[in-house]
Amino acid sequence: MKKKFVSALNRSLTPAEHSYEAFKKVFRKIKKTAPLVYEEVETLIKSNIVPIDKRKKVFKKANLAELGDTITSSLIKKIPSLDARELKKIVGSKSSQTFIDMVAKGLSVSSFSEKEYTILSKEKEFKRVLIANRGEIALRVIRACRELGIETVLVYSSNDKDSLSVKFADKACCMGSGVSYLDINKIISIAKKTESDAIHPGYGFLAENAKFAKLCEKNQIKFIGPLSKTIMLLGDKVMAKRTVTKAKVQVIEGTTIALKNWKHAFKIAKKLGFPVIIKAAAGGGGKGMRIVTEEEEMEKAYVSAGAEAFLSFGDKTLYMEKYIEEPRHIEFQILADRYGNVVHLGERDCSIQRKHQKLVEESPSPAITAELREKMGDAAVRAVSAARYEGAGTVEFLLDKSKNFYFIEMNTRIQVEHGVTEMVTGVDLVKEQIKLAAGAKLAFNQDHIKLDGWAIECRVNAEDPLEDFRPSIGLITNYLPPGGPGIRVNSICHQGYKVLPDYDSLLSLLICHGNDRHEAITRMNRALKEYFIEGVKTTIPFHLAVLHNKNFVKGKFTTAFIEKNDILKSVKKYIGQKRKELTNGQKMIVVTTAVSKYMDKKNNLNNKPNAWVMSGRQELMQNE
Ligand code: MV4
């Protein structure tokens, strides 16, 4: 199709366009409508790929078709998402169109549809992908596979047998009862039996398990994520820091080797100056982490951090850093192909969290200027390149009060909060991740990636914010999600859905997009008020409290936001009026009325009203 497009365009080149001057005239018109085309052609001319005779003001290449070929094929390479049917319409249209008009039209088609950042040849595409996860993310991956034309196999625990993901997958295999999403041998054997080409681990569970990735590699099933050795390298936070330091990425001052014992830790702390923070090398998410503010606390902190790290990760290795007070948590989304190309898709601000559980995320960050974004994005790309990373990933930074930023770790999975990046970049990250795993090539460079507007995500959990966020399990008796402009709801909830105690309490991801931060906040407030979830307690009132907070609205917050602003005290104000329970007498009336209506209807089924009654009713209606 693309070849046909090229030749059709070439045929349409008018002699006038042969002259550079005439070409320029038409060309300038498209600067607004199709800036990508403009930029690309400008680059071709500037870099002398399309040479111009400056004196005669004509293109140097005498052959019109050759000139068209160069421009068109270069454009097509950069814009892989041209819609074949639309193109046919454009090149086949009888109306007289110039070459550049046609290109611009072809490209404006793609600017309305979703952006694709990668190209994958047909032979490399996966036929069938196994999904080793549950809940919202299982459904999210199924949706991405559907759009890519990939069949899905879902493995599930019998508790989840009624979930939407089981219903939506092309094939669902029950692995038995209880928590079995970690049974790597069973998952591999199902993948083989179902002839799956790849396994998508989602987030959590096996997503960053190097042993599982290795087992996939051994069985020639593509693990959708980086190579097992990359997961291993980046899973060790000390190694990760050493790797990125080589690429001149700033890390927090501290140890570059594991701590030997508490006295060793003590010596280093004295050198760094208190407060310091002890972290688990295998860690992340706050497990095995201790802040040490004075000398006397060191021994106890060291011992308990090591014990907790061993319990959580089976590895008691610890390291130390200078403690940064009230930082912001900023992470960069990156995409990397296996040929060494890397781009970043801007940042997410994930500072609003409680006990290392993120609750609200947004993109871009209100703390980051275009200039800082470029610096941090550059560092993120360097970090990814240094680790020879491939696929979709996240580079985490802490940003201190003076806007210094420091690499802390890298996540090798698709993250819960990836949707806010999708809404400001127009990219489906899960689809790109799957294509990259199949060997796709990045088709864009950093200059082509533009952030559009603002997106905020609230994690709606089945938890009671008034009871220390205690999980609230049970049946969802009534469910009505919000809608309208700028709203996206990622959830497997529905009326009759049972929130189980065995798993985390994430119910739904509510994402709102606006042209600017103010609009995104306004929409989120509206959507939160529209959202009805009954039967379990949710974090919706907490989110309303955050969104109404003055400092949040101003974009002034750090990881200490919830405590510093006493958010939990204001949650009560946002708890909706509970509907009054009916009295037994009222319930009786409701039931007997329903029964009598039902009986009436049933008796009337074979008993259509006669023509006189019908015409009488019509008359009544018309008189209304
Ligand atoms: C820190 C820090 C302050 N100073 N490191 C917490 C989880 C882990 N990924 C890194 N974490 C932190 N590391 C130094 N040297 C503060 C935190 C931290 C934090 C980071 C991101 C988001 C929320 C947080 C909440 C408390 C502490």
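Coordinates for the structure precede this section.
Residues numbered from 1 in each chain as written. Predicted model: local features only at pLDDT ≥ 70, side-chain atom pairs only at ≥ 80, totals over all residues. Heavy atoms only, no water.

Undergrad: Quick one: what's the story with the overall build of the protein chain, residue by residue and with numbers?
TA: If you tally the helices and strands in the protein chain, you get 25 helices and 26 strands. Out of the 624 residues belonging to the protein chain, those deemed buried represent 51%. (Helix = DSSP H or I, 4+ residues; strand = E, 2+ residues; numbered from the N terminus. Buried < 20%, exposed > 50% of the residue type's maximum accessible area, 1.4 Å probe, protein only.)

Undergrad: Got a sec to walk through the side chain of Ser228? Specific residues and values, please.
TA: The residue Ser228 is located in helix α12 (residues 228–235) in this model. In this structure, Ser228 is in contact with Ala210, Ala213, Lys214 and Glu217, ignoring residues within four places of it in sequence. (Contact = heavy atoms within 4.5 Å.)

Undergrad: If you had to explain the pattern of salt bridges to someone new, which residues and values would you point to?
TA: Counted according to the given criterion, the structure contains 33 salt bridges. In this structure, Lys241 and Glu321 form a salt bridge, with 2.7 Å as the shortest nitrogen-oxygen distance. On the criterion of sequence distance, the pair formed by Lys241 in helix α13 (residues 237–246) and Glu321 in strand β11 (residues 318–322) is long-range, its members being 80 residues apart. Overall, the relative accessible area of 5% leaves Lys241 in the buried class. When salt bridges that share partners are traced, they join Glu331, Arg348, Lys358, Glu361, Glu417 and Arg459 into one network. (Salt bridge = Lys/Arg side-chain N within 4 Å of Asp/Glu carboxyl O.)

Undergrad: How would you sum up the site of the ligand? Please name residues and give values.
TA: In the neighbourhood of the ligand, 17 residues make up the surrounding shell, with Lys279, Glu321, Lys322, Ile324 and His329 lying closest. Between the ligand and Glu321, the relevant distance is 2.9 Å, taken from a nitrogen atom to a side-chain nitrogen or oxygen of the residue. Ile324 has a polar backbone atom sitting 2.9 Å from a nitrogen atom of the ligand. Elements supplying a minimum of two residues to the shell around the ligand: β9 (276–280), β11, β15 (391–399) and β16 (405–411). Along the lines of polarity and charge, the residues of the shell around the ligand split into 7 nonpolar, 5 polar and 5 charged. (Near = heavy atom within 4 Å. Polar contact = N/O pair within 3.5 Å; in protein donor to acceptor, adjacent residues only side chain to side chain. Nonpolar A, V, L, I, M, F, W, Y, C, P; charged D, E, K, R; others polar.)

Undergrad: Outline the packing of aromatic side chains, listing residues and values.
TA: For the structure on display, the rule yields 11 aromatic pairs. Residues Tyr181 and Tyr503 carry aromatic rings whose centres are separated by 5.9 Å and whose planes lie at 80° to one another, so their mutual orientation is edge-to-face. With a gap of 322 residues between them, Tyr181 in the loop between β6 (171–174) and α10 (184–193) and Tyr503 in the loop between β24 (498–499) and β25 (506–514) connect regions that are remote in the sequence. Judged by relative accessible area, which is 1%, Tyr181 ranks as buried. Centroid distance Trp262 to Phe266: 6.2 Å. Interplanar angle 85°. Geometry classified as edge-to-face. Taken together, the positions of Trp262 and Phe266, both in helix α14 (residues 262–272) and 4 residues apart, correspond to about one turn of that helix. In this structure Phe266 comes out as partly exposed when scored by relative accessible area, which is 23%. Three or more aromatic residues joined by ring pairs make a cluster, and in this case those are Tyr181, Phe205 and Tyr503. The ring of Phe557 has Arg328 sitting right over it, with the charged end atom 4.3 Å from the ring centre. Note that Lys441 overlies the ring of Tyr339, its terminal NZ or CZ placed 5.8 Å from the centroid. (Phe/Tyr/Trp six-rings, centres within 6.5 Å; stacked < 30°, edge-to-face > 60°. Lys NZ or Arg CZ within 6 Å of the ring centre and 35° of its normal.)

Undergrad: Lay out the sheet that holds strand β18 (residues 454–461) in plain terms, naming residues and giving numbers.
TA: Read from one edge to the other, the open sheet built from 8 strands follows the order β16-β15-β12-β13-β14-β18-β25-β23, with strand pairing classed as antiparallel. The sheet is open, and its two edges are formed by β16 and β23 (487–491), each paired on a single side. Ignoring strand direction, the axes of neighbouring strands in this sheet form an average angle of 25°. Pairing of strand β12 (residues 328–336) with β15 involves 9 bridges; the strand directions are antiparallel. From the neighbouring strand, Gln333 faces β15, where its bridge partner is Thr394. Across the sheet, helix α8 (residues 135–148) touches β23 and β25, and the angle it forms with β23 is around 110°. Packed onto the sheet, helix α19 (residues 517–530) meets β14 (357–363), β18, β23 and β25 and runs at close to 140° relative to β25. (Pairing = 2+ DSSP bridges. Axes fitted to C-alpha atoms, helices over the stretch in contact; angles between N-to-C directions.)

Undergrad: Hey, could you go over the sheet that holds β11 for me, with residue numbers and the actual values?
TA: Pairing in this open sheet of 3 strands is antiparallel, and the strands run β10-β9-β11 from one edge to the other. The two strands at the open ends of the sheet, each matched to only one other strand, are β10 (290–292) and β11. When strand polarity is set aside, the average angle formed by the axes of neighbouring strands in this sheet is 25°. With 5 bridges joining them, β9 and β11 adopt antiparallel strand pairing. Considered in β11, the bridge of Ala280 is made with Leu318. Packed on one face of the sheet, α14 meets β9 and β11 and runs near 15° to β11.

Undergrad: Please set out the pairing of β14 residue by residue, giving values where relevant.
TA: The element β14 is extensively covered by neighbouring structure, given that 6 of its 7 residues are classed as buried. Pairing of strand β13 (residues 342–354) with β14 involves 4 bridges; the strand directions are antiparallel. What sits directly across from Ile352, in β14, is Val360. Hairpin remark: β13 followed by β14, antiparallel, with 2 residues in the connecting loop; positive phi at Lys355, about 50°. Where β14 meets β18, 4 bridges bridge the pair, whose relative direction is antiparallel. For Glu362, the partnering residue across the bridge sits in β18 and is Ile456.

Undergrad: Please give an account of the packing of α10 against helix α11 (residues 210–218) that cites residues and values.
TA: Contact geometry for α10 and α11: axes closest at 11 Å, N-to-C directions at 30°. Looking at the two axes, α10 sits roughly parallel to α11. The interaxial crossing formed by α10 with α11 has right-handed handedness. On the side of α10, the interface is formed by Ile184, Asn185, Ile187 and Ile188, while α11 contributes Lys211, Phe212, Leu215 and Cys216. (Parallel < 35°, antiparallel > 145°, perpendicular 65-115°, else oblique. Left-handed = near helix turned anticlockwise from the far one by under 90°.)

Undergrad: Mind laying out helix α16 (residues 370–386), listing which residues take part and the relevant values?
TA: The terminal C-alpha atoms of α16, which comprises 17 residues, lie 24 Å apart, in line with the 24 Å expected from a rise of 1.5 Å per residue. Regarding α16, the residues found buried are Leu372, Arg373, Met376, Gly377, Ala379, Ala380, Val381, Ala383 and Val384. Lining the buried residues of α16 we find α13, β12, β13, β15 and β16. Just past α16, the residue Arg388 takes up positive phi, approximately 50°. (Expected span 1.5 Å × (residues − 1).)

Undergrad: I'd like to hear about unusual backbone geometry, residue by residue, with values.
TA: Among all residues save glycine, negative phi is the norm, and among peptide bonds the norm is trans. Here the bond from Phe274 into Pro275 is cis, since omega is -5°, no more than 30 degrees from zero. With respect to the element layout, Pro275 can be found in the loop between α14 and β9. Geometrically, the link from Ser363 to Pro364 is a cis peptide bond, its omega value of -5° lying close to zero. Within the secondary structure, Pro364 is located in the loop between β14 and α16. The residue Arg388 is not glycine, and still its phi comes out positive at about 50°. Position of Arg388 relative to the elements: it lies in the loop between α16 and β15. Positive phi, close to 50°, is recorded for Asp566, a residue that is not glycine. Of note, Asp566 is situated in the loop between α22 (561–564) and α23 (567–570).

On their own, these measurements won't tell you what the molecule is for.
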